[in-house]
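Next come the chains, spelled out residue by residue.
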Amino acid sequence: MNARLWVAFLAVMGSTGCIIVAGGGTGGGAGGGGGTAKRGDVTFTWSFAGQQCNQVPAVKSVRVTIPGQTLDNAGVFPCLVADYPGIVLKDFAPGKYDFTLEAIGYSNEKLFAGASSFTINGSVRVDLDLTPVGGPNSYAYLTWRFPAMQGAPNPDCTTAGVANVLVSIDGAAATSIDCKLGFGTNPGVQTPFLSAGVHTIELTGVNATGYAYYRATSSLTTRAGAPVTAEYSLPWAVGGVAVKWSITDGSVGQTCTQAGVTDIYINFVDAQGNLVYGTNGAVRADEQRGQRAALPHPVAVGRPPARFVVVTRSVRHDRHSAIGVFDSGVGGLTVLKALIERLPMESTVYLGDTARVPYGTKSGEVVTRYSLKNAELLVEHGIKLLVVACNTASAVALPALRARLPIPVLGVIEPGAAAAAASTRTGKVAVIGTPGTIKSGAYQRALAAERSDLEVTTRACPLFVPLAEEGWVSGEVPLIVAREYLGGFVTEGVDTLVLGCTHYPLLSTVISQVVGPKVTLIDSAHATADRVAELLAQKDLLKLGLSSVERHFLVTDVPDRFLEVGARFLGRPLSGARQVDLKFS
């Protein structure tokens, strides 16, 4: 089949939907239909073990292979186009054709597969239900529910406070699944292929920061040849308390506003005298919450009895407060540099978590825990807005940070994705970053939210970070590394390349040398600085007048290395940096 451009048309096939039509062909398959046989089209539709594309979010695309035929885009098509799971391949010569369909994930892994054949004597339709890859034909659909609460006999995921359910089968590493996919859905969340028989399963319901609220350990019995369904009731893994407070001046009661208190932090002290939720406390609440709050991290069942301590602290911020920026190390200084250039009269406080760098190789749960600590320390400095300069932290920790902090929080991924979507002419965008950022899929999701028609390629480039920190940003060594990582982008037709790590702008000259002048480099730092300016203006927090500008630098390890390397990233010497302790409990 000759490759042609795709076009879209409306077809009625059980329901009306928009199907991709791929180019026509001139070759015949084996066993042509004789003199009366007709040329025709083949319409493919697909599903995945009985589920549709929107029920299997791990599937990015479907690859069609027909031996002896050349298909558009190497036979790789989106799972859904205009809400229809299928394609039409045009103009086959009469005959019989074998084919395979493979569902491909965001990391190019094969998730589902199926194979069959079709015979052309006029147009035909093929409906194929792909099966999971990797084992005997035995699997299960899982659903879950949570204990009844006051006013909610069957609480949903939001009411139960559960963001994800961690599922481990037979002691394997747990898979994190969006809670909503297994609550009140039919048939539920599909497991991988399993051997027929009895398996041990553990399900843990966790909140947005990864704290376990519910846990169940049970059995799962599968049978060969057909899936089973299993529902699990997840009991509480924690115990907690609701806390109410009042504020008085002598005998006169006051509101939070009257008392000048904007935030209240609550903590427990266990039987050994340890603070259960660390130095800063567990929850922020204000007058708008009715001076009442339930602790987001209840005390784990089985812990020693605890008494509670209420710690109050007034946190004030206004237009003259500083902008806070944190990163795992020095890379975020490229974002700070862009902020200073865009908003030179704004004061800034920068925190580099140099004791725990890098974040790109750590789990999402660990990165979120570090990010919350970074943010809490910067909030104590009275900042009015927080910029998460680390791409990895932006990818995994923004929801937890926005839920916890009383100030606006911005990451670098959404502004960078918006700039890339506006820049590309061909619709082919590439993203490079650390392994953690690429694995998270955050850029892919952000780009898809900007433009659903984009074709996104990603690549982890871990060696760029040490090259940037060592100052090897030109010459033969970085050029060899860049060619190894990026050489394929030119032949793939990419016209926009997102530098998805704060270190990478230092290597932009070498990167441009490899990908060529027709590829536009997107530095998220400048797009983020523009977004900060817009948000401060919307919140009426832009600094006015010519008051003094302060630049503070904080690090969690000795500052010598930070000062040396940081000068290259900021483009000028740093006046000094103070070492701080994040005090993890």
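Residues numbered from 1 in each chain as written. Predicted model: local features only at pLDDT ≥ 70, side-chain atom pairs only at ≥ 80, totals over all residues. Heavy atoms only, no water.

Among the residues of helix α14 (residues 560–570), those classed as buried are Phe 562, Val 565, Gly 566, Phe 569 and Leu 570. Seen along its axis, α14 keeps its buried residues to an arc of 135°; they face one direction. Buried residues in α14 make contact with α3 (333–342), β26 (348–352), α10 (464–470) and β33 (551–555). Backbone geometry just downstream of α14 places Gly 571 in the positive-phi region, at approximately 85°. (Buried < 20%, exposed > 50% of the residue type's maximum accessible area, 1.4 Å probe, protein only. Helix = DSSP H or I, 4+ residues; strand = E, 2+ residues; numbered from the N terminus. Arc of directions from axis to C-beta. Contact = heavy atoms within 4.5 Å.)

Here we come to the sheet that holds strand β14 (residues 197–206). Strand order in this open sheet of four strands is β12-β11-β14-β15, and the pairing throughout is antiparallel. The open sheet has two edge strands with one neighbour each: β12 (175–178) and β15 (212–222). The mean angle between the axes of side-by-side strands here comes to 25°, regardless of whether they run parallel or antiparallel. Here β14 pairs with β15 via 10 bridges, running antiparallel. Within β15, the position partnered with Leu 203 by the bridge is Ala 216. (Pairing = 2+ DSSP bridges. Axes fitted to C-alpha atoms, helices over the stretch in contact; angles between N-to-C directions.)

The next point concerns the confidence of the model for the chain. Detail in the predicted coordinates should be disregarded across regions flagged by low pLDDT. For the chain, the average pLDDT comes to 81, and 79% of its residues sit at 70 or higher. Across residues 1–20 the pLDDT falls below 50, and counting only partners more than four positions away or on other chains, this stretch makes 68 contacts in the model. Counting contacts from residues 24–34, a segment whose pLDDT is below 50, to residues more than four positions away or on other chains yields 33 contacts. (pLDDT = per-residue confidence, 0-100.)

Counted under the stated rule, the structure contains two disulfides. A disulfide bridge connects Cys 53 with Cys 79, and the sulfur atoms are separated by 2.0 Å. Residues Cys 53 and Cys 79 share a disulfide whose torsion about the S-S bond is about -90°; that sign makes it left-handed. One end of the pair, Cys 53, is in the loop between β3 (40–48) and β4 (59–65); the other, Cys 79, is in the loop between β5 (76–78) and β6 (86–92), and 26 residues separate them in sequence. Look at Cys 53 and you get buried, because its relative accessible area is 7%. Using a relative accessible area of 4% as the deciding quantity, one classes Cys 79 as buried. Residue pairing for Cys 157: its cysteine sulfur links by disulfide to Cys 179, the two sulfurs lying 2.0 Å apart. Disulfide Cys 157 to Cys 179: torsion about the S-S bond roughly -80°, handedness left-handed. (Disulfide = S-S within 2.5 Å.)

A few words now on the packing of aromatic side chains. Applying the stated criterion to the full structure yields 18 aromatic pairs. Ring geometry for Tyr 211 and Tyr 213: centres 6.2 Å apart, planes at 70°, overall edge-to-face. When its relative accessible area of 23% is taken as the criterion, Tyr 211 is described as partly exposed. Take Tyr 213: its relative accessible area is 10%, and that puts it in the buried class. Both rings, one in Tyr 213 and one in Tyr 214, keep their centres 6.3 Å apart while their planes meet at 75°; by these two values the pair is edge-to-face. Relative accessible area serves as the criterion here: at 0%, Tyr 214 is assigned to the buried category. Taking NZ or CZ as reference, Arg 356 lies 5.5 Å from the ring centre of Tyr 370, over its face. (Phe/Tyr/Trp six-rings, centres within 6.5 Å; stacked < 30°, edge-to-face > 60°. Lys NZ or Arg CZ within 6 Å of the ring centre and 35° of its normal.)

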